[in-house]
Number of protein chains: 2
Amino acid sequence: MKLVDMTVSEFVDLMASDAPAPGGGSASALNGALGAGLAAMVCALTIGKKKYAECEADARAAQEKALALKDRFVDIIDRDTEAFNAVSAVFAMPKSTDAEKAARKEAMQSALKGCTISPFTMMELACEALELVRSLVGKTNASAASDLGCAALNLRSAIQGAWLNVCINIGGIADEEFARTYREKGEALLARALPLADAAYQEILASL
Amino acid sequence: MKLVDMTVSEFVDLMASDAPAPGGGSASALNGALGAGLAAMVCALTIGKKKYAECEADARAAQEKALALKDRFVDIIDRDTEAFNAVSAVFAMPKSTDAEKAARKEAMQSALKGCTISPFTMMELACEALELVRSLVGKTNASAASDLGCAALNLRSAIQGAWLNVCINIGGIADEEFARTYREKGEALLARALPLADAAYQEILASL
């Protein structure tokens, strides 16, 4: 059964159980989906309102982008757990002969790369979504300002949670070029995204 | 239908729609449930492991607390949206006569207080959960360190998101004593909780 087809309470209970997956990776993807979803809602609550007629065209364009980002994050909720399960599956591979050991090692490296790429993709999406949220502050329905702030907070949690997952998996990767590339790209995304999230939150808080 | 009985994808889609609820309040409650749930999972992955035998008693006690906090957060996912819907219901009340206007005003004040108390309760729970998470850093299964970090991030999003909801609703409350009390108590909770979340995240990140 797909994680996103579970009820919210079943998903949270499975998260809280002794099953190692879903864990922080899928939680971060859900953070991203909530963040992008809230941004889309704030746009929806702005469109068609006389008071915000000037913002309508931008809100429509932003809504479309936010909904697309929401769908991509929802997709990663399951894909991140599948990437984790691929690592777990390697532990069950035989390791008696040298050939088996080599195959196991190669499979592990490939699985760890998958567990790095999945959260890295979340980081890219969260950064894009935070740029969108930042652009909407002060230009959307003020009654939904707290919702837009919660969008920024969820996307902040998504990108930092994804970064923890990139870092914990990169530690086991032998391909130094791969590890270095993802570490550098991830740090660059964080450096771009966190100030956007913090500025959005602070500006919204000051407006309440 | 209760929000927590919807599938994860239905919940996210409803969040992203033009329906004003569920919004940031219920998203913050879900952040809290994910944070407390991840903390419980990390305890579960520590209990029974030889390497962490010394930590087992503490992990068991923490797991019990985390699961109870998770249940309380899950409960608030729906209760926060109910509190919001009570405000929306007031807008439908008649306002032709002075008596109707007075009744409407009183109902609005009561509904806004409900919308303040609900996120304030989340702030209290998130602060308690962050104290728990902070105490678990370095004393739980290192393979799940990123999950514990995601717990801290989700609880940080929960407490700040709840604070935005306290602030937006307190603005409309005429009872100055009520407003002042919740503002002061909320600021105190934030001042206690945010350093715990940031220290947990930074310490975990440095360990990866």
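Higher on the page you've got the structure.
Note that the structure is predicted; figures quoted are calculated from it, not measured.

About the thresholds
- Counting restarts for each chain, with residues numbered from 1 along the sequence as it is written.
- Chains and ligands are labelled sequentially in the order written, the chains with letters from A and the ligands with numbers from 1.
- Local features in this predicted model are restricted to residues of pLDDT 70 or higher, and side-chain atom pairs are both shown and tallied only at a pLDDT of 80 or more, whereas totals for entire chains, interfaces and linings draw on every residue.
- Heavy atoms from the whole structure form the basis of all side-chain values; hydrogens and water molecules are not counted.
- Residues reaching a pLDDT of at least 70 in both copies supply the C-alpha atoms on which the copies are superposed by least squares.
- Contacts are assigned to residue pairs that have any heavy atoms within 4.5 Å of one another.
- Think of it this way: any DSSP run of H or I at least four residues long counts as a helix, any run of E at least two long counts as a strand, and we number them from the N terminus.
- What a helix is expected to span follows from its residue count: subtract one and scale by 1.5 Å.
- A cavity here means a set of 1 Å grid points, computed over protein atoms only, where a 1.4 Å probe fits but cannot escape. A pocket is an open set with protein on both sides within 12 Å along at least 5 of 7 lines, and lining residues have an atom within 4 Å of a point.
- Grid points are joined across faces, edges and corners, and a volume is the space filled by probe spheres set on the points.
- Amino acids are sorted into nonpolar (Ala, Val, Leu, Ile, Met, Phe, Trp, Tyr, Cys and Pro), charged (Asp, Glu, Lys and Arg) and polar (every other residue, Gly among them).

**Q** Can you walk me through the relation of the copies chain A and chain B in this structure?
**A** A rotation about some axis, followed by a shift along it, carries one copy of the chain onto the other. Rotating chain A by 180 degrees about the axis while translating it 0.0 Å along that axis superimposes it on chain B, leaving an RMSD of 0.0 Å. Taken together, these values place the two copies in the relation of a two-fold axis. Looking at the rotation axis and the C-alpha trace of chain A, the residue lying nearest is threonine 7 of chain A, at 1.9 Å. Same-surface contact between copies: 100% of interface residues of chain A are shared with the interface of chain B.

**Q** What am I meant to see in the side chain of threonine 121 of chain B here?
**A** Position of threonine 121 of chain B among the secondary structure elements: in helix H4 (residues 98-136). In contact with threonine 121 of chain B, not counting residues within four places along its chain, are Arg72 and Ile76 of chain B.

**Q** Quick question: what am I supposed to make of H4 of chain B here?
**A** In an α-helix there are 3.6 residues to a turn, and that puts residues three or four apart on one side. For H4 of chain B, built from 39 residues, the straight-helix expectation of 57 Å at 1.5 Å per residue is met to within 8% by its first-to-last C-alpha distance of 58 Å. Two residues or fewer past H4 of chain B, glycine 138 of chain B is found with a positive phi of approximately 80 degrees.

**Q** Hey, could you run me through unusual backbone geometry in this one?
**A** It is generally the case that most residues other than glycine have a negative phi and that most peptide bonds are trans. Cis geometry is found at the peptide bond from alanine 21 of chain A to proline 22 of chain A, where omega equals 0 degrees. Within the secondary structure, proline 22 of chain A sits in the loop between helix H1 (8-16) and helix H2 (24-44).

**Q** Where do I start with empty space enclosed by the protein in this structure?
**A** Where empty space is left becomes clear once a probe the size of a water molecule has been rolled over the atoms. Scanning the model with the defined rule gives one cavity of 30 Å³ or more in all. Around the largest cavity sit Leu153, Arg156, Ser157 and Gln160 of chain A together with Leu153, Arg156, Ser157 and Gln160 of chain B, which together line it. At the level of secondary structure, the elements contributing two or more residues to the lining of the largest cavity comprise helix H5 (145-170) of chain A together with helix H5 (145-170) of chain B. In terms of residue class, the lining of the largest cavity is built from two nonpolar, four polar and two charged.

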